[in-house]
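Read off the chains here:
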Amino acid sequence: AFSYYAPSLWKSSVGTFISRPLPFLLLHFTLLKCDITDGNVEHLKREHSLMKPYQGVGSSPSSQWDFWGSTLVTSSYVRLTPDERSKQGSIWNTVPVHLKDWEMHVQYKIHGSGKKNLHGDGIAIWYTKERLHPGPVFGNQDHFVGLALFVDTFCNDLHGMDRSFPYISAMVNNGSLPYDHGNDGRTSELGGCSSEIRNKDHDTYLAIRYSKGRLTVMIDIDDKNEWKECIDIGGVRLPTGYYFGASAATGDLSDNHDIISMKMYQLMVEHAPDEDSLDWTKIEPSVSLLKSPKDNIDDPTGNFRSTPLTGWKVFLLLLCALLGIVVCGVVGAVVFQKRQERNRRFY
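Note that the coordinates shown come from a computational prediction; the quantities given were computed from them, not determined experimentally.

S.K.: With reference to specific residues and values, describe unusual backbone geometry.
M.R.: Residue P53 follows K52 across a cis peptide bond; omega there is 5°. By secondary structure assignment, the location of P53 is in the loop between helix 2 (25–30) and strand 4 (65–69). Of note, the amide linkage connecting F165 to P166 takes the cis form, showing an omega dihedral of 5°. Turning to its location among the elements, P166 is positioned in the loop between strand 10 (145–152) and strand 11 (167–174). One non-glycine residue, S86, lies in positive phi territory at about 55°. Along the chain, S86 turns up in the loop between strand 6 (78–81) and strand 7 (88–93).

Structure representation (structure tokens):
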């Protein structure tokens, strides 16, 4: 994980995220391996951003954000679910995104009366082909097409003691995979990290960056103007023309799931001519490190992770092969010696 400190760039106050421009070249070259927004207003895409006082939210034809379910819009926050059982809510951008490279910053808060391990279920941030389709995956439909980032606050897999919750993970889907609730999405996640984000006295933040096929997720949970890397994976292909949204759900356990802001920034990135000539609306969501889900449609586990031969795997294979040769040589030598001794007894 890495972190960096840029107070005037990332937060000018507890309640404001990226509000003042600041040159970012030094951090660009020393801390990050890809282009990021410098926070200038010109890069903020207001048609894809949800900010106080939440103008343009509603069901009218001119609205840029629409909501569903238990969602309550106030002057200070958008509450997707109250701290009550069996609630679902979501809010969705009505304008499709036609940017190849972007960065979404989400300011949110999860809090409630539930003590340790007695709260749920969590928030999901979406970039998907369809919007406003309620379902069992944190208040949204299963078998979605696009990208999802899950902030999961309840552990369903009692055998999965190798990670602590809340847990943040990412998933890319072309519509053929279900979300595996029983295993907390392990079978299809691209990566993740644990993050103690509940009942903070301050708001928490996450940044989702997609640029030149690389997906990076960073978190800020300590109110120190400091980012920490959570997920970083290349080979991700996402089309344009999809929608951003956020959803949340509660079950037998509950929490308040609040969105304070969602700010969308365009990343100024140059692409090769062959990439610019592509019809980015026709790209199928995929990850090159994973097999196509269609190739494993009969796999009851839904596990479509491939096992590429990384350096250490090649080393282990060569080591096993070498050990096998040595063992065969020793066994051969012993057998040969035994035969020689037996032949001498016949003379």
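S.K.: Account for the sheet that holds strand 11, naming residues and giving values.
M.R.: In sheet architecture, strand pairing relies on hydrogen bonds along the backbone and comes in two forms, parallel and antiparallel. An order of 4-7-17-9-10-11-12 is seen for the seven strands of this open sheet, with the pairing classed as antiparallel. Edge positions in the sheet fall to strand 4 and strand 12 (191–194), since each of these pairs with one other strand and no more. The average angle at which neighbouring strand axes cross in this sheet is 15°, direction not considered. Two elements, strand 4 and strand 7, share five bridges in a ladder whose sense is antiparallel. For W65, the partnering residue across the bridge sits in strand 7 and is N93.

S.K.: Please set out the nonpolar core residue by residue, giving values where relevant.
M.R.: Membership of the largest hydrophobic core comes to 46 residues, with the highest contact counts inside it found for W102, Y108, I125, L149, I208, I259 and M262. If one sorts the elements of this core by residue count, strand 8 (residues 102–111) sits on top with five residues. Setting aside anything within four residues of it in sequence, one finds I125 in contact with V106, L147, A148, L149, I208, G245, A246, I259 and M262. The next biggest cluster of nonpolar side chains, apart from the first, holds twelve residues, and it includes A124, W126, Y179 and Y243.

S.K.: I'd love a proper account of the packing of aromatic side chains, names of residues and values included.
M.R.: This model, assessed by the stated rule, comprises eleven aromatic pairs. Centre to centre, the rings of W102 and F244 are 4.9 Å apart; their planes meet at 90°, and the pair counts as edge-to-face. A residue pair is termed long-range when its members are at least 10 positions apart, and W102 in strand 8 and F244 in strand 17 (residues 243–249) qualify at 142 residues. As far as burial versus exposure is concerned, W102 and F244 are alike and both buried.

S.K.: Give a description of the layout of surface pockets that names residues and reports values.
M.R.: Quantified by volume, the largest pocket comes out at close to 330 Å³. For the largest pocket, the lining is made up of 15 residues, of which K116, N117, S164, F165 and P166 are closest to its centre.

S.K.: Break down empty space enclosed by the protein for me, citing the residues and quoting the values.
M.R.: The tally for this structure, following the rule as stated, stands at one cavity of 30 Å³ or more. Around the largest cavity, the lining residues are I125, W126, Y127, L147, A148, L149, I208 and F244. Every element with two or more residues in the lining of the largest cavity is listed here: strand 9 (122–128) and strand 10. Among the residues forming the lining of the largest cavity, the class breakdown is eight nonpolar, no polar and no charged.

S.K.: I'd like a description of the pairing of strand 9, backed by residues and values.
M.R.: Counting buried positions along strand 9 yields seven of seven residues, so the element is predominantly enclosed. Across the two faces of strand 9 the burial is the same, with G122, A124, W126 and T128 and I123, I125 and Y127 all buried. Both strand 9 and strand 10 contribute to a ladder of seven bridges, which runs antiparallel. Residue W126 lies in a different strand from strand 10, and its bridge partner there is A148. In this sheet, strand 17 lies alongside strand 9 in antiparallel orientation, the contact comprising seven bridges. Its bridge partner being in strand 17, Y127 is matched across the sheet by F244.

What counts, and where the lines are drawn
- Chains are numbered independently. Their residues run from 1 in the order of the written sequence.
- Totals for whole chains, interfaces and linings use all residues, but because this is a predicted model, local features are given only for residues with pLDDT of at least 70 and pairs of side-chain atoms are given and counted only at 80 or more.
- Hydrogens are left out, water is left out, and the side-chain values use all remaining heavy atoms of the structure.
- Only runs of H or I of at least four residues qualify as helices and only runs of E of at least two qualify as strands under DSSP, and these elements are numbered from the N terminus.
- For two strands to be treated as a pair, DSSP must find no fewer than two bridges joining them.
- Axis angles are defined between N-to-C directions and span 0 to 180 degrees, where every axis is a line fitted to C-alpha atoms and, for a helix, only to the segment in contact.
- By convention a nonpolar core is built from buried Ala, Val, Leu, Ile, Met, Phe, Trp, Tyr and Cys residues, the set being connected through side-chain atoms within 4.5 Å.
- In this scheme, a residue with accessible area under 20% of its type's maximum is buried, one over 50% is exposed, and one in between is partly exposed, where area comes from a 1.4 Å probe on protein chains only.
- Here a residue-residue contact requires only that any non-hydrogen atoms of the pair lie within 4.5 Å.
- Only centres within 6.5 Å qualify two rings of Phe, Tyr or Trp (six-membered ring in Trp) as a pair; their planes then separate them into stacked at under 30 degrees, edge-to-face at over 60, and tilted for everything else.
- Cavity means a closed set of points on a 1 Å grid over the protein atoms alone, one where a 1.4 Å probe fits but cannot get out, pocket means an open set with protein on both sides within 12 Å along at least 5 of 7 lines, and lining means a residue has an atom within 4 Å of a point.
- Grid points are joined across faces, edges and corners, and a volume is the space filled by probe spheres set on the points.
- Gly is placed with the polar residues, together with every amino acid not listed as nonpolar (Ala, Val, Leu, Ile, Met, Phe, Trp, Tyr, Cys and Pro) or charged (Asp, Glu, Lys and Arg).

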